Every structure is written in structure tokens, then in C-alpha cells.
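# Survey of secondary and tertiary structure
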Amino acid sequence: MDKSPLWRRAALVALILAISGQACTLSLFQFPTSNTPTESPIVTGPSPTPQPMAQTTFVVTIPEPLQPGEALVLAVLDEVTGLSLNATYYPMSPRDALTYTAVLPLGLNSVVKYRYVRRSSVDVVEDTTLSTAIRYRLYYVVAQGEVDDIVADWGDKNYARPKGTLQGRVFNADTGTPLPSLLVTAGGMQYLTDSAGRFDLSGLPVGTHNLVVYSLDGIYMPFQQGATVGDGQTTNVDLRVKPSPLVNVTFMVSVPTNTVAGAPVRVAGNLLQLGNTFADLQGGLSTNTDRMPIMNLQPDGRYSTRVSLPVGAHIQYKYTLGDGFWNAEHKSGGEWILREFIVPASDITLEDRVATWEAGASSPILFEVTVPSATPPGDIIYIQFNPYGWTEPIPMWPLGNSKWAYKLYSPLNMLGSFGYRYCRNGQCGSADDSNTAGNSTNGKEITTSLTAQDIKDTVASWEWFENPEATTLVGASITARPSGFLAGIEFQSTFRPNWSYYAPQAFANIQALGANYVVLTPSWTYLSVDPLTFATVPGQDPLWIDSAIMISQAKALGLRVAIFPTPHFPPSADGLTSVSSSLWQSAPRDATWWQTWFTRYRAFAVNYADLSTQTGADMLILGGDWITPALPGGTMPDGSSPNAPADVEAQWKAVIAEVRQHFAGKVYWALPYTKSNMQTPLSFLQDTDGVYLLWNASLSTNPSAAKADYVIEAGNLLDNEVSALPSLIRKPIILAIAYPSAAGAASGCIADGRGGCLDLTALSRPNSDLPSVPLDLQGQADIYEAMLTAINGRDWISGVISRGYYPPAALQDKSMSVHGKPAADILWYWYPRMLGIVK
């Protein structure tokens, strides 16, 4: 892999996050009395305009003839505003019953995002042979040409048709090194490459497809070629892309006179640096406000920011007081606007003018809110709107004295009545105003008006943070452990793109606990079981660059970093069952499937071994509680045989050996503790550097048990069932603790109401609350104090980690996270003393 482009990318995105951090320091003043708008765009430096056009013919084959009253259209999409919110539709003409064409003038060197739509009384969007939605196809306009596409399926129909697979790797054309996190697409299917540059597009309809490689940050030039797929065949292809140099692009904009003075103006755009997440976020949006660059107010009233962008990149952008949809600029007639240019070969300044923030006759609405004094001082208050479903939250503007404001200008022309609510740190649905909490609320209602409105609200209390109180700490005789002892925090494996903005704050909180380690849990997602699809999904899994930046931020605070790759699974039907169980139960688990599973897991492990090496992480943790069916002697969740291959132990030894070829740091194995039934694969554990013991053991089933009872039982379990393990494998043991702040946590089994135990991640945010499970903050604190007391007397334990930390906000909820809870105060007392920092 290229190391320099990684850090070039990290520098780009880190700069954007740093610029975005100015949001919390802004304050509002009175409206300005004058402004000096530029009448027309001015370009300083080589002009990127006019953009030459190329006539492009799209030819598409559909799976069956259209019905009377139906029409076929080509939708050119706008990912900055929202894929379904500002599409341009082009009617297609039939050549025959199954073949349609359209000719479009497209900007030369642009990258067009599009898909096909069948129109009748409702619009039906194409999808894949696996019945997954097509976000968009890509076409790189390099000259006048023709695009030949095949619609595999429609969203409301399924077709049995021949299909095949397109696999390969992507390399840097100059250095020959493989490239991670590039978007590879064909036939509307998308795949982000791993650290080996690998991609796998399975289930493509037979025929020739337009294969495109696209860099999310534009660091590499787009690549495009045709690729033919045969029935039941795998087409392998290696691709090479050229890196692009960076130039400085200065965005300078004049804003309307009714812009609130001091309100942050941002640039929303189609690249990662400009806030695009390449994900399906709430409300059909893809851009995230927290990831956009904030512009600086200039003495002449204009706003400016400078961004390093790659030469030749196709940039689509707009100016906004919110995101690409809310409070974004409009044309003078109220229409959406999307600016674009191709980045020239030298530095450039773009001078633009926002015609208006408004759309339609409705007047802007000013929202003002007073929040509780108990709100953590570092928190930012957000407002979230619900026009047709909840959209992405928008940061409000601080007024001081626990007051925040936000002025909504647009798009009020399309709303009428809509809902809204307030939340902390962008975590709407989790850190809400108590009166509009959770995922099912419609929020407060408001109706647009021709006259200006000033809405004044008060948040009486925050959900899960109503009345936080200090914990009473009891002194203890704590033995300082030898150097090398780990005292740390493990992040929960859920991820949302706006969490990146709050990672530095989370690391500072972890450092303040006295921890010396943080365990990050980046993920891939299982999208389908057969064929097995396991890859990075933007919006659900952190991108390579997200993880790299978080590792850098943690290390900058003196924390050591472990990487614990953790898969995501499709949600269970009832929201209670272990999400990994459905994977194993529904899988065919024959010899072919198992071989594919090990191939995919090996790629997963090596990907994060490479990330650990590239970023200087200290430790890599493999395994986990979900992986038991794939271990030697493993069983299914129901106790049955998984039909694992006979050479399963050799498979794991090969995985660990390959990981070690890519990472020279410590490699630990995450092993779940199960009382009287701990499955210990001794042979391949010898190939690791230690055991990361996942601990949620029952300390008492008696609801009236005291802390002292927990200490005794924890000691008994450690002495009788775990103490032999370090000497048996001659490896250190780290105890990774997971107990939710919920009634029954000490039993190791919170009842799911069906005679079983609740999957503990069901209590984690952003999942909906489970009212049947009572909150017990003190119980979690008592368990932690008991466990730390037991660990304190056993010098063969080499570290302790608290699992399930929720990074973006302090919540006193029922989850495993200790962030903002009494249990965190216990760690604050114990960790520095165990590490010898406090005597």
C-alpha cells in the first residue's frame, strides 16, 4: 500500500475536521446592515470554465417489456443535495421492446452518477440481482461516447437470470502498490477496496458492464473500462489508477444581506473533504454538516476557506448554513443550485455569490432554545427536522448562557407542516430532549408561514442525562501494577459518520479517566449470506481514513491503540436475538461456503493488520464472541454442530501467520469466557501474543446481593477457571469487561422475555430503548468496583478494559458504555492507581 497517500488523505480530512471544530466557538450578533455581493463569479488563476460538453449516448437493456402507461427514464443524481431530492430525469426512447436510449450533453472530465427508473403511477428504481438497492452507477466522461448498461432487476420484481462475478485488485499506476478504500462499481453494484486493493462484485447479470474506479477524495484519477461477465463465471481484472497532485482551491463567497451575522457558512460538496459520506444517511441525505469545511468571515463581509483538492477532480459544491438540503443556497427563483468545476493544475480562487438562502414565499423561522444547566459544557446542541421522516441533525449556533439558535431559511417551499426536535452532539434518537425522545417520535410540530416566526423553546431535561450526580467513592488499597499493564476503554462497534467529529473529545475523556489504552472496533458488514458478501459499507462502517485519523488523534494524547475488528450483521427480526446468530443459522455451511468464509475473514483481518501497521497501532485483536462456530470444536448458537471443515485449526493458523506478515505488533485473540465451558483453542492460541478475555460472567443471581458478594464470586471464577490459562498457553491475559447499567447485569443474563438472555448490544445506542429492562447505574458501578478489586489481588492478570464505550455523548442509559456514568468515576479512581500514576 501507498503510505504517503494515506497520510496525504489523513492530513486533508483532519484539516477539514479541525476547520469544522470552529463551529462551537462562533457566536451570533445583530443582522448586518450592508453587504457587498459580487455580481458574477470571478476566478483568480487559471479558469476552470467553460466546461466543454460531450454528447453521450446511454443504451440500456431492461429485463422485460414495459407495460402500457409505463416509461423509462434515466435519473442523473445529485449526491450533494440528496440522491432522490434533486435528480434530473431524462426520458429514454425505445429501440425495441427491451432496449432504450437517451443522448445527454455531459461535462467533459466529469463523473456522472445515475440510475434507471421505471415510471408509472409511482417511480420504481432498479436494483441488483441480490435485491439490494442501486445507489447509482458511475460514468467518467472522457470524450463523446456510448454507455451500454443492463438493468438486472426492478425494486418491485425479481427475475431469474444468468449471472457472474467480477473480481480484481486496484493498484497505484506509479508505484504498483495496492490501494484501499477506492469505490469500484459495475452494473450499479459498489464495493470499497480493502488494503490489498481487492474488490468483489458478485451477482452481475451476464454481459458487458462499464467498470469504474473512483477515489472518494479524488486523490486518484477515475478509471473506466468495459468488463464482460459470463454465466457462472468469475472475470478477474487488475486495474491501475494514477495519483493526482494537490492544489489549493480558495472558495470566496458573498452572502445575502439577511444572513445572520456570525452564522457559520460551509461548503458542501461531492468529495470526502467537502462532507460527502457516500452513505445513505437519514432522510435520503449523503452529506454531513460536521464533516464540511467552515468558512471564515472576512473584513469585507465575505466568507472564505482554502481546501487542498486533487488536480483533475470533478467538484460539485454549494454553500450552506446547514447541509446539502437544509439551508443550502438557491437560485434567485428558488431552484436548487449545484455548482461544478474541474480542478486546474495550479492554485485557484473561486469568487461566488449566493443569490438567496430561501426558496418560495414562506418566511424564515428562527428557533431559539434554552437547555438545562446540567448540559455538559463541551456539548453542541443540534436541531433535527422531520419533513417526511427524520433527516440528519444540524448544529445550532451558540448564544451563551445555555441558549442556542438556528434560523431556517429553506427549503420551506416544499414543507407545510413538519416536525423538529433538539438533541446533544448530533445524536438525535439517543441524546434527545426528553419530551421528544427516541426513534418513533414525530417531534414538535410547526407550520410554515408568510410571516416571520420566532420559536422559543426550553429543554426541561435530556433523555438519559436528566440529573447526573457525582459518585461517592470509597478508598481502597490498590497495588500498582508493573509497567506494561493495560488499563483502557473499548469503543462500541456501532459507527455513524458524525461520530468522527466527537472522537477527539472522547479520547480526551478517556485520557482523563487515567487510561493508557483505547481499543477501537472498526468494522465490515455482512450484506448477504449466500453468496457471502462481507465488506465496508459507508455510513455503517468507518472508512479507512476515518480509522486512520482516530488512531492518530488517540496517539496524539498519549494513548496506546489496539484495533479490534468487529463485523456488523443484518439486524435480527425482533431486535433482541444475537445479530450474529442469524448469519450462522441461515448459512449453508457446506465446504464451498466455509472456504469463502475463511477467505473473507482472512481479508478482513489482513486489512486491519495493514491499517495497524500504517498508523502505528500497538495491538491487533482478532476473534470475538461471534466467531465460536468457526473455531476448532466450536458449536452453533443452539449447541448443534456447525459442520466446520476438518482443517479448521490449520485455517486459523494460516490466518494468524498471514496477519503477522503484515503487522509486527502484538496480536491478541478475543476469547469469550463461558463458565465451566470455556472453549480454548490451545494450538493456534500459541501463535498469538495473548488472550483478550471477553468477560460478562455471572457474579450473582440474587437481586439483593452486595458488592462484597460480587468480589467473592469474581475471585472464585478467576481462580478456578481462568488462572491456569496464562501458564497453560504461556501468554498474558487481558480482562475485557462488559456489564450494562441495567437491572440483572450482575447475573450475566438480562432476560429477553422469551426464556433466554438479551444480546447486550440491544441496549446500546442508537438502538431504541427497551422499557422492560430497568435502569441500574449504581449496579454497574458496583460490578466494576468488585471486578477491579478482584483483579487487584491477582497479579497474573495483565490488563483490564471496559467495553462498549459510546464515544459521541455522555449518556446515563442502560448500555455497557461507562461514558458519563458512575462506573466511569470508579475507573477514574482505580486506573491511575493501578498504573502507578497516583500513589
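Our structure's up above, just so we're on the same page.
Right, let's walk through the structure included here. Treat the numbers as computed from the prediction; the structure is a model and nothing was measured.

Definitions and limits used
- Residues numbered from 1 in each chain as written.
- Predicted model: local features only at pLDDT ≥ 70, side-chain atom pairs only at ≥ 80, totals over all residues.
- Heavy atoms only, no water.
- Helix = DSSP H or I, 4+ residues; strand = E, 2+ residues; numbered from the N terminus.
- Expected span 1.5 Å × (residues − 1).
- Bend = angle between axes of the 7 residues up to and from the residue.
- Buried < 20%, exposed > 50% of the residue type's maximum accessible area, 1.4 Å probe, protein only.
- Pairing = 2+ DSSP bridges.
- Axes fitted to C-alpha atoms, helices over the stretch in contact; angles between N-to-C directions.
- 1 Å grid on protein atoms, 1.4 Å probe; cavity = no way out; pocket = protein on both sides within 12 Å on 5 of 7 lines; lining within 4 Å.
- Points joined across faces, edges and corners; volume = space filled by probe spheres on them.
- Nonpolar A, V, L, I, M, F, W, Y, C, P; charged D, E, K, R; others polar.
- Contact = heavy atoms within 4.5 Å.
- Phe/Tyr/Trp six-rings, centres within 6.5 Å; stacked < 30°, edge-to-face > 60°.
- Lys NZ or Arg CZ within 6 Å of the ring centre and 35° of its normal.

In this model helix H2 (residues 499–512) runs 19 Å from its N-terminal to its C-terminal C-alpha over 14 residues, within 8% of the 20 Å that 1.5 Å per residue would give. By the largest-angle criterion, Gln505 marks the main kink of H2, which is about 25°. For H2, every residue scored as buried is listed here: Trp499, Ser500, Tyr501, Tyr502, Ala503, Ala506, Phe507 and Ile510. Count one or two residues on from H2 and you reach Gly514, which has phi positive near 90°.

With that settled, consider the sheet that holds strand E14 (residues 189–192). With antiparallel pairing, 4 strands are arranged side by side in an open sheet as E14-E13-E16-E17. Two strands close off the open sheet at either side, each with one partner strand: E14 and strand E17 (223–229). Strand-to-strand, the axes of this sheet are offset by a mean angle of 25°, without reference to chain direction. Note that strand E13 (residues 182–186) and E14 share 4 bridges and pair antiparallel. Residue pairing in the sheet places Val184 in a bridge with Tyr191 of E14.

The next point concerns empty space enclosed by the protein. Scanning the entire structure with this criterion turns up 9 cavities of 30 Å³ or more. Around the largest cavity, the lining comprises 16 residues; the ones closest to its centre are Phe491, Gln492, Phe495, Thr521 and Met550. When residues of the lining of the largest cavity are traced back to their parent elements, those giving at least two are H2 and helix H3 (544–556). By residue number, the principal contributor to the lining of the largest cavity is H2, which donates 3 residues. The class makeup of the residues in the lining of the largest cavity is 10 nonpolar, 6 polar and no charged. What the second largest cavity holds in volume is close to 100 Å³. Lining the second largest cavity are 14 residues, and of these Trp524, Thr536, Leu543, Trp544 and Asn607 lie nearest its centre. Taken together, the elements giving at least two residues each to the lining of the second largest cavity come down to H3 and helix H5 (591–615). Of all the elements, H5 adds the most residues to the lining of the second largest cavity, at 3 residues.

Relative to the 22 Å expected for 16 residues at 1.5 Å per residue, helix H8 (residues 707–722) spans 21 Å between its end C-alpha atoms, a close match to the ideal helical length. Restricting attention to buried positions, one finds in H8 the residues Tyr710, Glu713, Ala714, Gly715, Leu717, Leu718 and Val722. Looking at the buried positions of H8, the neighbouring elements they touch are strand E41 (690–695), helix H9 (724–729), strand E42 (733–737), helix H10 (777–792) and strand E43 (797–805).

Next up on the list: the packing of aromatic side chains. Here a ring pair, both rings aromatic, is described through the centre-centre distance and the interplanar angle of the planes. Evaluation of the coordinates by the stated rule reveals 49 aromatic pairs. Seen in terms of ring centroids, Tyr214 and Phe278 are 6.2 Å apart; in terms of plane orientation they differ by 55°. Their pairing is tilted. A residue pair is termed long-range when its members are at least 10 positions apart, and Tyr214 in strand E16 (residues 207–215) and Phe278 in the loop between strand E20 (266–269) and strand E21 (296–297) qualify at 64 residues. Look at Tyr317 and Tyr319: their rings are 5.7 Å apart centre to centre, the planes differ by 90°, and that puts the pair in the edge-to-face class. The ring of Tyr89 has Arg119 sitting right over it, with the charged end atom 4.2 Å from the ring centre. The ring of Phe465 carries the charged tip of Arg424 above its face, separated from the ring centre by 4.7 Å.

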